[in-house]
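Descriptive analysis of the structure
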Amino acid sequence: MYYKYEQLFSRPFITPGSDIPENLLNLSHSFGYDCRRRANLQLLGDRTLLFIAGQMVILLDVPTKQQRYIRSCSGSGIGSIGVHPSQEYFIVAEKGKKPILLVYEYPSLQAYRILRDGTELAFSSVNFNTDGSLLASLGSAPDYMLTVWNWRQEEVLLRCKAISQEVYKVSFSPYNPELLTSSGSGHIKFWKMASTFTGLKLEGLIGHFGKTAATDIEGYIELPDGKVVSGSNWGNLLLWNGNSIKVELCSKGGQCCHAGVVQPFALEDGQLMTIGSDGVIRGWDLETIDNADSSSESSKFEMEPMNEMVVGHHVCLSSIVKSSQPDSTVWFAQDSSGAIWKLDLSFTYTTPDPECLLSFHAGPIMGLDVSKKGHLMATTALDRSVRVFDFLAKTELIRSRFSQGGTAVHWAPTSVNHSGGLLVTGFEDGVVRLLELFDPIGLHNNKGGAHIRLKQAFKPHNSPVTSVAFEGNGKILATGSSDCTVFFFTVGEKYEPIGFLHVPGPVQMLEWSPHSHNENRLLILCQSGHIVEVPCPEHNILKPRKSYQLLELPRRSFCFKSIKSRIKREEEIARQQAFKVKQQKEQEEHQVIEEEKLEEDLPPIFIPNPRSPLHCGFYSQPGQFWLSMGGFDSGFLYHCKFSDSRDEEYDQRQDEPFDFLTVVNADDDPICSVTFNSNRQLMLCGMHSGSIRVYPLDPGTHTLTSMRAYWELSIHDSNYGHLRHICCSYDDQFVLTAGDDGNIFSFNLLPHEELQKGPEKKRAMVPSPRVSLEYEDLAQDIDDPAADSIEMVKQKLEKDHQSREAEKKKSDKRRRLAEIQNTFKKLLKDNLDLPEHSRLTLAELQLDECFQEQAEREKMRKLKKIQEQMSWEEQHSHIALKIIQDRFKGYLETNIVTVFAIGTDHRVSTYHIPALPSAQVQQQSSYSKSSSNETAQVERRRSRDQTVKDSSETDEEYVPHSLVTRSSGIKLADRQVERLRKAAEKAEQARAKIDKRKQEWDKFYTEKPKKNCEDPRDVQAICEAKENIGDLKLKTDKNLTVPKHLRMNADRKKAEITDLESNIRQKQTEMNREIVALRDSKRLLLSKLRAEAKQFQRVQSLLPSHLLRRPPHLPTIHPEEIPDKRLQCTPTILERYRVLRDQKLHCTEMEDQEGGISLLNQLENEMEEMEEGGDMSVLSAATEGEEEDTQGAWLSKEEESKLLHMQDSLLEMMESIVHQFDKKHLLCLQKVQMLDCKLKLGNLRQLTLYQELLLLKEVDKSETSLQEKLDTRVKEENNLMCKLEECKKELELKYKDITKVQEKEKAITKAFQASLGDDNKFEEYLTKVFKRKIKRGKKKEQAGEEEEDEDDFDDYENWDEDDDWDAVEGEAAGEECPPGCEPKLFDHILQLRERRLDLEELLIEEKKSADVLEKESDSLVKKLKPVKIGRKAAEDDLERVTREKQQKMNQLDVVVPLRAHQIEFDIAVQMPADLSSALLLNRTELERLQERVKQLEVEKNQQREVYNQARQQHIRLIQERKDMNTEIQLLQKRCNQLMMRRFGREVDLEVLQTLSGNRTVEELKQEKIVQEAAYAKEIKQWDVKVEKARETLMEMTRSNTERLLCLNSLFEQKKELAHKLDARQKKIGKQLQDCSRRTDRKAILSLQELVRKQAQQVENLSREISLLSHKGAYTLPTSQAKLPPLAPLTNPTVQKHIRKTGTPNFNSRERKAYN
C-alpha cells in the first residue's frame, strides 16, 4: 500500500476567489546547505546524499550533482531524517502541530507509511534498529516524547517522556534490541524495554556524572559488553558503566582527545573512531578503552590514538555516514563550516587525501544581489566568503575568502560599470571592498573559469556594513552601518570620500529615490524605527575640512509610533457595534448588557517599549514611503510621510502613519524583505517565517490599494529561516531567495513549459576583463580588523595639524599667562588690602536660600490651614460611618439563606457566622500598635544616626566662611537673570549627579566584601539550616530540645486557635458565597422561566383546546431564600417612597415619626403585592390561553404542526432548565456535607487546642516570670551593647574632631608662613612672638548669647570683629612692634597666635573627652561579661520549664478519626483491640521525607557542580580584576595626559562641572555698562570743550606764527650782526686767548666736582632702594623688571648750566639719603 505523494505535500496558499496560478513560482535549484543542523547528512546507496534544506529534503546525486526534491507535507518544516539499514527506505520527520512521520521507498520516492501522533510540535531525532523492524522517534519541546514504533504496521509499541530538556539523539543498541540510548543537553539516558504484568514498558535510567562536570552529549556509541562511550564539550571521552561514569579518557599528558566537541561514531577493526569540531578524525584502541580504569590519584585514563586524519584547518565535523558497500572504508562527513567531505578511513599509505565534494555558505546569508546584465548571483555570509553563482547553469562560478565575514553585497548598475562585473561588498569590520568579476580568457595568466580581483578597499565604518546603494545616475555610492552612520563616496576610477552623517539608530536599509521623483534623495531606514531622508550630497559644494561629517546637509526625519493597538481597538469597536445592531433586532431587552460588554471588552491602547524593529521599507511618492515593522507592530504595512516639524530631537519625535494596509495572516509573521519585478506588477515579499508571498498589483499604482489577493509558499525553515533577501533577475524569469538557515533557492517565475520555449542559453555570460587589467598593480587590502576608519585617519591628521599650530602659540601663551598671573596677584593683594566688609568672599557666589525656605513655609501654612478647615467634616463622616457599620455588621452576619430545590425536597442553607469577638479585634490592634512602635523606634534610631551624620558633615569645612551679602542698587536684566538661573540649575544638576555617583560608589564599597569574608547568603542559609533542621527526637523523649520558634505558650496557642477559627470562618464564608450564587442563579432561572411561560402562553393561544398541554408549575422564591430583601432599595422603591411621603405632608408635626414608620410598612406591603401579582399574571395568562380555542380552528395543518413542535420544545426546555438547576443544587449539597465533615474534624482539633491552652495557662506564670527574667537580661545586654556601640561611635567622632583641629592648626601655621614672605629680616622675632605661650583670660559670655562653644572658632577673616577677650597679662602686654616692621603685619601675627592658642585649648579638651570615652568603653565591656552569664542561666531555666511543659502536653489525649485502610500492622494479621502501642504518622509527610532523601542526593550533586562553576568563576574573576586594574591605570594615565594637554595641569573635573553663574559679577558687569554710558556722555561733553579749545589753539597758532615770522627776521638780522662781530673778534682774538684758557680750566674743575657728587648721590639712592625692598616692598625679578630708558647725556660744551649755590632741590626721602 502506497500513499499518493501529490495528495500529501504542502501546496502554495492562494487567496480564495483569485485567479493567481498555482505554478506562479517553480523551484529551479538549491544552492545552500543547512550545515549547522544536527545529523543533516544521510547516504542512500553509494552515490545519493540526503539532507534537509528548509522545507525540502534534497536527494543529491554525487557524480552528476543532480538534485531531486521532496517537499514538507505540513508546510512548517522538517525536523529530522533517517535511513533504513537496508537502504530501501528513508524516513522524514515533520514539524508543526501534530507532525507526522513519512516513510518513503527508495528509489521510487513513493510514500510507503505514515506514522501519526508521535509528538506535539516537532521531531528532533529518528532512528531504526539494526534489523529495521522498529523505529524510535524523539520529540522536542514541549513534550520530549520518546516513541517506539512498529512502523510497518503504523502502530505505537511504547511511549514515554524522555526528559524535560533538549534531546539531540536517540538510537537502538546494535547488540541488544531491547536497549536504547538518548542524549542531549546536559544528560544521557539509558532505556530498557521491561516486561511487567501489564505488558512492555520503557524504563529510563539517567546518567550520573558524579565528580565529572556535566556536559552536553552530542554523540555516543555502545560497546559490545554494554558499556557506552560518549563525547563531551571539552574534548574528552566518557566511558559509562551502567548509569555512572567509569573513567574519563584523555590523551597523554592530560591533553584532550580533541579540541572542542568530540563524538564517537563507529567501531572499525578494533578501533573506536571519533570526530571532533577541530576537523580531526582519530582511532583509539577498543580493548584499551574497554579495560580502562581510573587511578587513585586521578579519575582520568590517558592513552594515545592509533590513527589520525586531519581533514582541514577550518573544518568542524558534526556528523558522518558510511558507504553501504561491503568492506568499504569510504565515509561522507558533514562540516559545520559549510562543506560535505568524502573520506577514506583505511589509514594506509595509499589512503587518498580528504576530498571536498561540495562547499556552501555556513550560517545565515547576510547579503544577496543579482547582476543587472546576466543570470549571475552574488552572496556573502559571516563565513568570510563571497560567492558568485550562475543560476542558469545551476553552478557556483567562483568564491573568494577574506579576513572578516561579509555582511552586505550589491551588484553595481550598468551606469557605474558597463560590463556589469563590479561588486560592492561590506564586511563586519566596517571595510568596503570593490571586487571585479571577469572571465580571464585572453589574458596571459589564464587559469580558466571566472575570477574575482580586488579593485579598491576602504574602511568608512567601525561596525558591520549593513547596506550599500548606488545613486540612480551612478555618481554617488552610499554605505550604511550598524554604528549609526551613512558614508557617501564619489564614483569613478577611484572612489573618493565625500562625507558621512549620523543617524538615530543602526542602519537597516538604504534606498535612493526612483527616477520618477523630481529630486534625487536617499531614504535611510534604521532598525530602531527612525527614518531619515537626505538629498544627494554634491562633492564640489560639501568639501570636508576638519572632519568628513556633513553637518550642513539638510535632512528630514520620521520616528515611527505604534498604531496597531488603536487599529485593533477600532476594529473591535466596529465588530461589536455590528453585533449590537444585530442583537437589537433580535432581542431589545439585552441592550444595556451589550453596551456594558462593549465598553469592557475593548483592547487597551498599547505602545511597545522599546520600539518594534524595522525590517524594510520603500518609496511610494516623494516624501512618502511604506514601512514593514516587526515585533508587536507586525501584520500591517504602514504608509508614512515626513512632517514639516524639525524642532524636535530624534528621541522625542512621535510620528504616526497616515494610512495602513492589513497584511492577512501576518500578525506574528512580519515582512522582512520586499522587491518588485521590472514593471512593478508583482510585489514579492520575504516573510519572517521563511515563506515567499507574491502580491499581484495594478500597474502604475504606488499606494498598494490593489494588494489584496496573494500567493504564498513556505520554502525556508519556519523557525529560524527568516527570509531576509529576495531578488528578481534582470529579465524577471527567476526569483532568488536567501534565508537565515543558510539556504539559497532559485525559482522560475514563468511556468516550466513556457520556460522551455524561451532561449536555449544554458550558461550565463561572465563579463570580460578591462583593458590593461593584467598590467595594473593589485589594490592594497585592509586585513587588520582594528585598522582606522577614514574619519579616524582624518581626525588624526587634523589632530597633528592642531598640535603643530599649538606649538607655535605656546611661547605667546606663556608670555600672556605670566602677565595674567601678575595681574591676578595684584588683584589678590588689592582685595586683601580692602576693608573686611568690602572684600569678595566665596559666600557671594552662593545663591541665597531664604527665598526657598520662605516659599516652603508658606506652602506648609496653607496646607495646615486647609487640614484644619476639613478636620471637623472628616471626623464627622468617619464617626457616622463607624456607627452605621457597628449597627448593621452583626445583623448582616446572622442572616441565613436557605435555597430550595425545584424538583426535589432538598434544601441547603448557609452557615451562621458570628461576628468577630472584640478581644480578637483588640489583639490585632495591639499587634499593629506594637509593630508601629517598633517601626517608630527604628525611625528614631535612623533619625539619630542621620543627625550625627549631618553634624559630622557640617564640620567638614574646618574654616567656615561668613555669608556676606553685597548690597547693590544695580538691577539685572531678565535675560541675565535667566542665564544665571540656568547656569545655577545646570551646576545643581551636575552637583546632584556627582553626589548620586558618590553615594553609589560609597554603597558599592560598603557592600564590597572583605578578603576573607563569607557570602552573607551562605551564612544565612547555614543559620537557617541549623535553626530549621530541628531535633529529630520524638516529643516523648526526655532530652528533647524544642527550638525557639516552635516553643508554645498561651498567647501562641490562642493565636493558633484564632487561626483555626478564622480558617473555619473562611471555609464557611466561601461556601456561603457558593450558596448565595446558587440562589442568584435560581432567581435568574425564574426570570427565564417566566419569559418561556409567556412564550408558551402565546403558542397555546393559537392552538385548539384539545391540543393544549398542561402548563408547567412555575416555582417561586421562598422568603428564606431572600432574607436581606428588606435592605435592598431600588430606584422604583425610592420613587414610590417619595410619592407616599408627599401624600403624608398634610399630617401634623406630632405625627411625623409615626408617619415615617407607617410609610415603610405601607411601602413593603405594596412591593409584596406587586411580586405576587407578577407571578399570578403568568398563570392567569396561561389559563386564559386554555379558554381561547376558537382561533385554533382556522389553522392549517402545517401551522398546527409547527405550533405543536414549539409547545413541546418549550416544555422540554423548561424541564431541562429545572433539571440542570436541581443538579447544581445536589452538587452544592454534597459540598456542604463534605465541608460539614471537615468542620467536625476542625471542632475536634479546636477542642484539643483548648485543652492544651488550659494546660499552658497553668504553667504560664512560672514560664512568664522566667521569660521576663530572660527578657530583662537580654534587654540589659542589648542596652549595654547599644551604649558600647554609641560610645565607639562618639569616640570615632572625637578622633575625627581631633584630626580636624590638628588640620586647622596646620592651616594657621601655613597662613603665618605665608604672611612672613621671603627674606623677612624680622622673621626670627615674629616666629618667637607667634609660638610664645602666654597667660590668657577666659572669654566672657555676652548677655542673652545662646551659641555653642564651637561657634567661637569662626573663619579667620571674622576674628578681627571679636572684641570679647580680656587684656593679656605678663610679657604679652609688653609686646611691641619692632622699629622697621609694619604694624599691620605684627597685628596679624598676634591674631594668628590667638587663634592657635584657642585651637590648642580645644585640642586638649577633645583629647580629655576621648580619654573619658575610652574609659567608659572599657567599663561597659567589663559590665557586659556578667550580664551574658546571667542571660545564659536564664535560658537554661527556661529550657527546663519548657521540657516539663512538653511532657505534660504529651499526656493529653488527641482524637484522630481513622479509616480501616489507614491502619497497618506488620506482626498481626487481624486488627488488635488495643491500639495504644501504635505510632501515628502522616502518610503524606512520610512520603515527602522519602522523596526528600532523593532530592537531597540530587541537590548534593548540584551543589558540587555549583562549587566547580564557582571555582572556575573565581579564577576568571581574579584574572578579570587584574585586567581591569591594568585598564584603570591606563585610563587614569590617559586622563591625566588629556588634562595636561587641555588645561596644562591636573584639575578636579567635579569642580568644573559644578561651576555656576556669579550674580555679583553680573551686577558688576551691569554697573560697568551703566558707568560706561555715563562716561560716554561725559566724553561727548569734553569733546565739545576740546573742539572749542582746538579753535582757540588755532587762533593762538596763527598769532604765534606771525610772531615767529617776525622772530625769524630778527634772527637773520642777528646772524648778520654775529658775522660782523666775529670779524671784529678775530682781530682781537690774540688779545683774549690767554684769558679764555684760564676760564675753561675753571669750568672743567667745576664739572668734575659735579660728577663726583652725582655718583655719591646714586650710591646713596641704591642703598635706600635695597633697604626698602627688605621691608616687604614688591620688586620685579631681574628676568621681568624693565629699566627705564636712560636720558640723553648733555654736552657741557654746548649747554652751560647755571646752578645756584646751596643744596640741591630734593624731596624728603632723597634729602635723607643725600645727608
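Structure first, text after, so check above.
Residues numbered from 1 in each chain as written. Predicted model: local features only at pLDDT ≥ 70, side-chain atom pairs only at ≥ 80, totals over all residues. Heavy atoms only, no water.

Let's talk about the sheet that holds strand β25 (residues 280-285)
Adjacent strands of a sheet pair through backbone hydrogen bonds, lying either parallel or antiparallel. Under the convention used in this document: Should DSSP find at least two bridges between two strands, the strands are taken to pair. Segments assigned H or I by DSSP are reported as helices when at least four residues long, segments assigned E as strands when at least two residues long, and all are numbered from the N terminus. Lines are fitted to the C-alpha atoms to define the axes, a helix being fitted only along its stretch in contact, and any angle between axes, read from their N-to-C directions, falls within 0 to 180 degrees.
A sheet is described by the order of its strands in space; here 4 strands give the open sequence β23-β24-β25-β27, paired in antiparallel fashion. Because the sheet does not close on itself, it has two edges, and the strands there are β23 (262-268) and β27 (307-310). Looking at each pair of strands side by side, their axes are set apart by 20 degrees on average, direction ignored. Where β25 lies against β27, 4 bridges are found, and the strand directions are antiparallel. Each residue of the ladder has a partner; that of G283, found in β27, is N307.

Topic: the environment of H410
To keep it simple, the criterion reads: Any two residues whose heavy atoms approach within 4.5 Å at even a single point are treated as in contact.
With respect to the helices and strands, H410 occurs in strand β36 (residues 406-411). Sequence separation between H410 and L434 is 24 residues, and the spatial gap between their C-alpha atoms is 9.9 Å. Excluding anything up to four places from it in sequence, H410 contacts D369, L422, L423, V424, V468 and F470.

A few points about the pattern of salt bridges
The criterion, for reference: We define a salt bridge as a contact between a side-chain nitrogen of Lys or Arg and a carboxyl oxygen of Asp or Glu at a distance within 4 Å. Three labels apply to residues, based on accessible area from a 1.4 Å probe with only protein chains included: buried if under 20% of the type maximum, exposed if over 50%, partly exposed otherwise in between.
This structure, assessed with the given rule, holds 59 salt bridges. The residue D278 makes a salt bridge to R282 at a minimum N-O spacing of 3.8 Å. Judged by its relative accessible area of 19%, D278 is buried. Taken together, the shared-partner salt bridges connect D34, R37, K95 and D717 into one network.

Focus: the sheet that holds strand β41 (residues 476-481)
What the 4 strands build is an open sheet, ordered β40-β41-β42-β43; its pairing is antiparallel. The open sheet has two free edges, formed respectively by β40 (465-470) and β43 (496-502), since each of these has just one partner strand. Taking the axes of each pair of neighbouring strands and ignoring which way they run, one obtains an average angle of 20 degrees across the sheet. Pairing of β41 with strand β42 (residues 485-490) involves 5 bridges; the strand directions are antiparallel. The residue bridging A478 from the neighbouring strand is F488, located in β42.

Some thoughts on the nonpolar core
Put simply, the test is: Definition of nonpolar core: a set of buried residues of the types Ala, Val, Leu, Ile, Met, Phe, Trp, Tyr and Cys, connected through side-chain atoms within 4.5 Å.
Among the nonpolar cores identified, the biggest contains 36 residues, and L25, L49, I692, V694, V735 and F747 are the most heavily contacted of them. For this core, the elements supplying multiple residues, two or more each, are β4 (48-53), β5 (56-61), β31 (355-359), β53 (682-687), β54 (691-696), β55 (711-714), β56 (723-728) and β58 (744-748). Residues within four places of I692 in sequence aside, it is in contact with L25, C685, W711, E712, L713, I715, L723, I726, T737 and F747.

Focus on helix α16 (residues 1483-1543)
All buried positions along α16 are accounted for by E1505, N1536 and M1539. Packed against the buried residues of α16 are α17 (1549-1553). G1544 sits one or two residues past α16 and shows a positive phi near 85 degrees.

Structural notes on the packing of aromatic side chains
Here is the rule we go by: For Phe, Tyr and Trp, where Trp contributes only its six-membered ring, two rings pair if their centres lie within 6.5 Å, and the inter-plane angle classes them as stacked under 30 degrees, edge-to-face over 60, or tilted in between.
A full pass over the atoms with the stated rule returns 31 aromatic pairs. Geometrically, the ring pair formed by Y89 and W151 is edge-to-face, given 5.4 Å between the ring centres and 65 degrees between the ring planes. On the criterion of sequence distance, the pair formed by Y89 in strand β8 (residues 89-94) and W151 in the loop between β13 (145-150) and β14 (155-161) is long-range, its members being 62 residues apart. Given the relative accessible area of 8%, Y89 is considered buried. With a relative accessible area of 0%, W151 lands in the buried category. Geometrically, the ring pair formed by F265 and W331 is edge-to-face, given 5.1 Å between the ring centres and 75 degrees between the ring planes. With F265 in strand β23 and W331 in strand β29 (residues 330-335), this residue pair connects regions lying 66 residues apart in the sequence.

Re the packing of helix α10 (residues 1050-1101) against helix α13 (residues 1197-1316)
Using the following cut-off: When an angle is under 35 degrees it counts as roughly parallel; over 145 it counts as roughly antiparallel; between 65 and 115 it counts as roughly perpendicular; any other value is oblique. Following the grouping adopted for this structure description, the nonpolar residues are Ala, Val, Leu, Ile, Met, Phe, Trp, Tyr, Cys and Pro, the charged ones are Asp, Glu, Lys and Arg, and the polar ones are all others, Gly among them.
Look at α10 against α13: their axes get within 9 Å of each other, and the N-to-C directions meet at 170 degrees. Relative to α13, α10 is oriented roughly antiparallel. Residues that form the contact of α10 with α13 fall into these classes: 29 nonpolar, 9 polar and 15 charged.

A short note on the environment of Q325
Of note, Q325 is situated in the loop between β28 (317-322) and β29. Residue classification places Q325 among the partly exposed residues on the basis of a relative accessible area of 42%. Considered as a pair, Q325 and D46 are 279 residues apart in the sequence and their alpha carbons are 7.1 Å apart.

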